[in-house]
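Here are the chains, one letter per residue:
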Amino acid sequence: MNGFDTLGLPAALRRSITSALAVRFPQSVLLIGPEEGTRALGRTIAAALLCEQGNPCGRCNSCRKAEKQIHPDLIEIDEEGEIKVETARRVRAEASVLPNDGARKVFLIAHAERMNPVAQNALLKVLEEPPKYCFFLLLTTQPDRILETILSRCTRYQLPPAEETPDETLLPLLTPYLRALASGSEAGMMRAAVGLEELSRPQVRAWLSLL
């Protein structure tokens, strides 16, 4: 199990998380940022909460189980599509059961923005009054889709956006637009933008990034 130093976190964010772990980590947390980054950070925080040394140390039985994703007290929720109220109720039910291996139980909910409003409201009560042994890590790329009542109950940690590699195949569409822009030709810019109609939405975003 890798520690926080391997995640490439900004120094201030790493210090904030590790300091909280050393004192009293919040029981309801919202991790905001790119999916891959929040997933790695969430699993590392979960391992630290369950670790026998509190690091995570990567050597204890708890850390080894967490790394292999077989720890009975680390429950990951990662569903395709909309997360419905049945899932939130299952989380609440499992939260009422004492931990198996140690003193804590951690729920990691990926794509938290996929919870519909009914599911979010069903989860709210356990976030408001969590059992003392429970910790909830909600991961999201779109915090604006999380209800304000949920946001107000969570401590937020935000990762920096992922760096995008420029798509050089889009340069032929960019060059005529820039030439028209440089010459002040609105008609030229409109003609150059016609080719964008053939692009997918991610390609348009990539084109704008190049611009």
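Structure's up top.
In this text, all values refer to a predicted model and were calculated from it rather than measured experimentally. (Residues numbered from 1 in each chain as written. Predicted model: local features only at pLDDT ≥ 70, side-chain atom pairs only at ≥ 80, totals over all residues. Heavy atoms only, no water.)

1. Here's the deal with the layout of surface pockets
Right, on to step 1. Taken as a whole, the second largest pocket encloses approximately 190 Å³ of empty space.
Right, on to step 2. If you go around the second largest pocket, the residues you meet are Leu21, Val23, Arg24, Phe25, Pro26, Gln27, Arg104, Lys132 and Phe135.
Right, on to step 3. In terms of residue class, the lining of the second largest pocket is made up of 5 nonpolar, 1 polar and 3 charged. (1 Å grid on protein atoms, 1.4 Å probe; cavity = no way out; pocket = protein on both sides within 12 Å on 5 of 7 lines; lining within 4 Å. Points joined across faces, edges and corners; volume = space filled by probe spheres on them. Nonpolar A, V, L, I, M, F, W, Y, C, P; charged D, E, K, R; others polar.)

2. Concerning empty space enclosed by the protein
Right, on to step 1. Within the structure shown, the criterion is met by 2 cavities of 30 Å³ or more.
Right, on to step 2. Around the largest cavity, the lining residues are Glu35, Thr38, Arg39, Ala110, His111, Glu113, Leu139, Thr140 and Thr141.
Right, on to step 3. Of all elements in the fold, only helix H2 (35–50) and strand S4 (134–140) reach the threshold of two or more residues within the lining of the largest cavity.
Right, on to step 4. With 3 residues, H2 is the single largest residue contributor to the lining of the largest cavity.
Right, on to step 5. Counted by class, the lining of the largest cavity contains 2 nonpolar, 4 polar and 3 charged residues.
Right, on to step 6. The space that makes up the second largest cavity amounts to roughly 40 Å³.
Right, on to step 7. Ile77, Ile83, Thr87, Ala88, Val91, Ile109, Met115 and Leu123 together form the lining of the second largest cavity.
Right, on to step 8. For the lining of the second largest cavity, the element with the most residues is helix H4 (residues 85–95), which contributes 3 residues.
Right, on to step 9. Of the residues in the lining of the second largest cavity, the class split is 7 nonpolar, 1 polar and no charged. (Helix = DSSP H or I, 4+ residues; strand = E, 2+ residues; numbered from the N terminus.)

3. Notes on the pattern of salt bridges
Right, on to step 1. All told, the structure shown has 8 salt bridges when counted by the stated rule.
Right, on to step 2. One salt bridge in this structure joins Glu35 and Arg39, with 3.8 Å as the shortest N-O distance. One end of the pair, Glu35, and the other, Arg39, are both in helix H2, 4 residues apart, so they sit about a helical turn from each other.
Right, on to step 3. Overall, Arg39 belongs to the buried group, its relative accessible area being 14%.
Right, on to step 4. Salt-bridge contacts for Asp101 lead to Lys65; the nearest nitrogen and oxygen are separated by 2.7 Å. Of this pair, Asp101 sits in the loop between H4 and strand S3 (105–109) while Lys65 sits in helix H3 (residues 61–67), placing them 36 residues apart in sequence.
Right, on to step 5. According to the relative accessible area criterion, Asp101 is partly exposed, its value standing at 43%.
Right, on to step 6. What you see here is one network of salt bridges that share partners, running through Glu35, Arg39 and Asp78. (Salt bridge = Lys/Arg side-chain N within 4 Å of Asp/Glu carboxyl O. Buried < 20%, exposed > 50% of the residue type's maximum accessible area, 1.4 Å probe, protein only.)

4. A look at the packing of H4 against helix H5 (residues 117–128)
For any two helices packed against each other, one specifies the inter-axial angle together with the distance between the axes.
Right, on to step 1. Relative orientation of the contacting elements H4 and H5 amounts to 15°, with a least axis distance of 7 Å. Judged on the interaxial angle alone, H5 and H4 are roughly parallel. Where H4 crosses over H5, the handedness of that crossing is right-handed. Contacts between H4 and H5 pair Val85, Ala88, Val91, Arg92 and Ala95 from the former with Val118, Ala119, Ala122, Leu123 and Val126 from the latter.
Right, on to step 2. A breakdown of the residues in the contact of H4 with H5 according to their chemical character gives 9 nonpolar, no polar and 1 charged. (Axes fitted to C-alpha atoms, helices over the stretch in contact; angles between N-to-C directions. Parallel < 35°, antiparallel > 145°, perpendicular 65-115°, else oblique. Left-handed = near helix turned anticlockwise from the far one by under 90°. Contact = heavy atoms within 4.5 Å.)

5. Considering the packing of helix H7 (residues 171–183) against helix H8 (residues 186–193)
Right, on to step 1. Two numbers describe how H7 lies on H8: the axes approach to 8 Å, and their chain directions differ by 170°. For the element pair H7 / H8, the angle class is roughly antiparallel. Contact residues: H7 offers Leu173, Pro176, Tyr177, Ala180 and Leu181, while H8 offers Gly188, Met189, Ala192 and Ala193.
Right, on to step 2. The residue makeup of the contact of H7 with H8, split by class, is 8 nonpolar, 1 polar and no charged.

6. Digging into the nonpolar core
Soluble globular proteins tend to pack their nonpolar side chains together in the buried interior.
Right, on to step 1. Counting residues in each nonpolar core, the largest one holds 27 residues, and the members touching the most others are Phe107, Met115, Leu123, Phe136, Leu138 and Ile150.
Right, on to step 2. Of all the secondary-structure elements, those providing two or more residues to this core are strand S1 (28–32), strand S2 (74–77), H4, S3, H5, S4 and helix H6 (148–151).
Right, on to step 3. Looking at this core, the element that brings in the most residues is H5, giving 6 residues.
Right, on to step 4. Beyond its immediate sequence surroundings of up to four residues, Leu123 is in contact with Ala88, Val91, Ile109, Met115 and Leu138.
Right, on to step 5. In this structure, Leu9, Leu31, Leu49 and Leu159 belong to the second largest nonpolar core, which totals 26 residues. (Core = buried A, V, L, I, M, F, W, Y, C linked by side-chain atoms within 4.5 Å.)

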